[in-house]
Amino acid sequence: MTTTMTRPLLALALLALLGCYRVAVRTDRPPAGPVHSRTVHTFVWGLAGGETHAPCEPATVTEYRGVGSFVATVFTLGLWTPVTVEIACAVEAVAPREL
């Protein structure tokens, strides 16, 4: 390939690699409470750290990794990865009544 064709293909490949990553875990509980969002720091390509504690009974837990997160991961050679975690609180469970 010529240089004039290689550069645009390389740029297109790099743009294709940049993107957002989202994972959502949903429970059977309906969401009704507030949504809590925080940045969690993971280490060694996301294998260590990243612990977060839900302030309520979760209905949905969503994890986002954007372009900035990927850039930070590559820049630090995988030592640090910031991840945004959103926790949607569920309706509080009502204790069953005795008959």
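Since we're looking at a predicted model, the values are computed, not measured. (Residues numbered from 1 in each chain as written. Predicted model: local features only at pLDDT ≥ 70, side-chain atom pairs only at ≥ 80, totals over all residues. Heavy atoms only, no water.)

A. Focus on helix α2 (residues 67–75). If you check which residues of α2 are buried, you get S69, A72 and T73. The buried residues of α2 all sit within an arc of 100 degrees when viewed along its axis, so they share a single face. Those residues of α2 that are exposed and angled more than 90 degrees off the buried face are G68, V74 and F75. As for α2, its buried residues are in contact with β4 (58–65) and β5 (80–90). Immediately beyond the C-terminal end of α2, within one or two residues, lies L77, with a positive phi of roughly 55 degrees. (Buried < 20%, exposed > 50% of the residue type's maximum accessible area, 1.4 Å probe, protein only. Helix = DSSP H or I, 4+ residues; strand = E, 2+ residues; numbered from the N terminus. Arc of directions from axis to C-beta. Contact = heavy atoms within 4.5 Å.)

B. A look at the side chain of R65. Relative to the elements of secondary structure, R65 occurs in strand β4. Looking at R65, the relative accessible area reads 18%, which means it is buried.

C. Local environment of unusual backbone geometry. Despite not being glycine, V44 shows a phi value in the positive range, around 55 degrees. Structurally, V44 can be placed in the loop between β2 (31–43) and β3 (48–49). On the accessibility criterion, V44 (43% relative accessible area) is partly exposed.

D. Local environment of the pattern of salt bridges. Counting across every chain of the model gives two salt bridges. Between E57 and R29 there is a salt bridge, with the nearest N and O atoms lying 3.3 Å from each other. Residue E57 is located in the loop between β3 and β4, and its partner R29 is located in the loop between β1 (21–26) and β2; the two are separated by 28 residues in the primary sequence. A relative accessible area of 37% means that R29 is categorised as partly exposed. Between E63 and R65 there is a salt bridge; the shortest N-O distance is 3.3 Å. For E63, a relative accessible area of 25% corresponds to the partly exposed category. (Salt bridge = Lys/Arg side-chain N within 4 Å of Asp/Glu carboxyl O.)

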